Amino acid sequence: MSDSNKKQSFREGFEAHLESPIPILTRLGSFIFGKKIPDSYTKISFYFGIAIWTVFLIWIILGYVVLTSTSWIEAEKGLDIHQLIAGRGAELGFSGDDFQNSLITFYNLAIIAWAGMFIGLALQWRKHLYFIYFIWISGAVYLLGMWYLLGISYWYNDTTLFDKIAFFFLIGHSSLHYYFLRKELLGEKVNFFGIDESDEDE
């Protein structure tokens, strides 16, 4: 193959590489999650966590879009979204636009908190012990932020049972995984119920 043909082939391959997002996504995935595949329990824990994370993030983004696009929705759909939000806010003890402003502030905070959750889940996949601190702190910021900005009554009445179960399941199961991972990194054999002492008894 001549030099010109080699250059042409390289150029075509390079252009195809730039046009396809797959190599970039592959490198990004390796950067975030690393190249090592963890054990089955870690993978299952991560998949549960990322599924819950995805559901919450979608609802947060949708809520934020609705709150910041009330004028457009009212013009397109004829729904008085602003009045509906203000009415619910009045029932919760807010006045005027305070409830909508608090909701927008909360959704901004929630996006940051669930970004922290994602970092925790990525570290969990990598089996770094300190993943749990991102989960705990992000979960606390999300929940306490909701209680402080919107009130416990909002959390009790305006979030679904699924939301409550999924949130505490994520925190609880991540804590359980932290317990097992800590035992593993200390060199202790573990099973689902704790330390496996079968070898020590023999």
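Reading the values: the criteria
- Residues numbered from 1 in each chain as written.
- Predicted model: local features only at pLDDT ≥ 70, side-chain atom pairs only at ≥ 80, totals over all residues.
- Heavy atoms only, no water.
- Axes fitted to C-alpha atoms, helices over the stretch in contact; angles between N-to-C directions.
- Helix = DSSP H or I, 4+ residues; strand = E, 2+ residues; numbered from the N terminus.
- Parallel < 35°, antiparallel > 145°, perpendicular 65-115°, else oblique.
- Patch = residues over 30% accessible without salt bridge, like charges linked within 9 Å, V, L, I, M, F, W, Y side chains within 5 Å.
- Areas by Shrake-Rupley, 256 points an atom, 1.4 Å probe, with all protein chains shown as cover.
- Salt bridge = Lys/Arg side-chain N within 4 Å of Asp/Glu carboxyl O.
- Expected span 1.5 Å × (residues − 1).
- Buried < 20%, exposed > 50% of the residue type's maximum accessible area, 1.4 Å probe, protein only.
- Polar contact = N/O pair within 3.5 Å; in protein donor to acceptor, adjacent residues only side chain to side chain.
- Core = buried A, V, L, I, M, F, W, Y, C linked by side-chain atoms within 4.5 Å.
- Left-handed = near helix turned anticlockwise from the far one by under 90°.
- Contact = heavy atoms within 4.5 Å.
- Phe/Tyr/Trp six-rings, centres within 6.5 Å; stacked < 30°, edge-to-face > 60°.

A. Expanded view of the packing of helix α6 (residues 98-125) against helix α7 (residues 131-150). Contact pair α6 / α7: the axes reach a minimum separation of 7 Å and the direction vectors enclose 170°. The angle between α6 and α7 falls in the class roughly antiparallel.

B. Representation of a nonpolar patch on the surface within the structure. A grouping of Ile119, Tyr130, Tyr133, Phe134, Trp136, Ile137 and Val141 is seen on the molecular surface, where their side chains present a nonpolar patch of about 640 Å² in accessible area. In terms of residue count, the dominant contributor to the nonpolar patch is α7 (five residues).

C. Geometry of helix α3 (residues 40-68). Relative to the 42 Å expected for 29 residues at 1.5 Å per residue, α3 spans 42 Å between its end C-alpha atoms, a close match to the ideal helical length. Those residues of α3 lying buried are Thr42, Ser45, Phe46, Gly49, Ile50, Ile52, Trp53, Phe56, Leu57, Ile60, Gly63 and Leu67. Capping of α3 at its N-terminal end is provided by Asp39; its side-chain oxygen lies 3.2 Å from the backbone amide nitrogen of Tyr41.

D. Quick look at the nonpolar core. The biggest cluster of nonpolar side chains holds 39 residues, and the ones touching the most others in it are Phe99, Leu103, Trp114, Met117, Tyr142, Tyr154 and Phe167. Of all elements in the fold, only α3, α5 (81-91), α6, α7, α8 (152-158) and α9 (161-185) reach the threshold of two or more residues within this core.

E. Inspection of the packing of α6 against α9 at higher detail. Their axes nearest at 12 Å, the elements α6 and α9 cross at an angle of 30°. Put simply, α6 runs roughly parallel to α9. Note on packing geometry: the crossing formed by α6 with α9 is left-handed. Contacts between α6 and α9 involve Trp114, Met117, Leu121 and Gln124 on the former and, on the latter, Phe167, Leu170, Ile171, Ser174 and His177.

F. Geometry of the packing of aromatic side chains. In this structure the tally under the stated criterion is 20 aromatic pairs. When the ring of Trp53 is compared with that of Phe118, the centres are 5.0 Å apart and the planes differ by 40°; the resulting orientation is tilted. Taken together, the residues Trp53 in helix α3 and Phe118 in helix α6 connect sequence positions 65 residues apart. The class for Trp53 is buried, based on a relative accessible area of 15%. On the basis of relative accessibility, which here comes to 23%, the residue Phe118 falls in the partly exposed class.

G. Main features of the side chain of Thr42. Looking at where Thr42 falls in the secondary structure, it is placed in helix α3. Excluding residues within four positions of it along the chain, Thr42 makes contact with Gln124, Trp125, Lys127 and His177.

Function-wise, these values are silent; they only describe arrangement.
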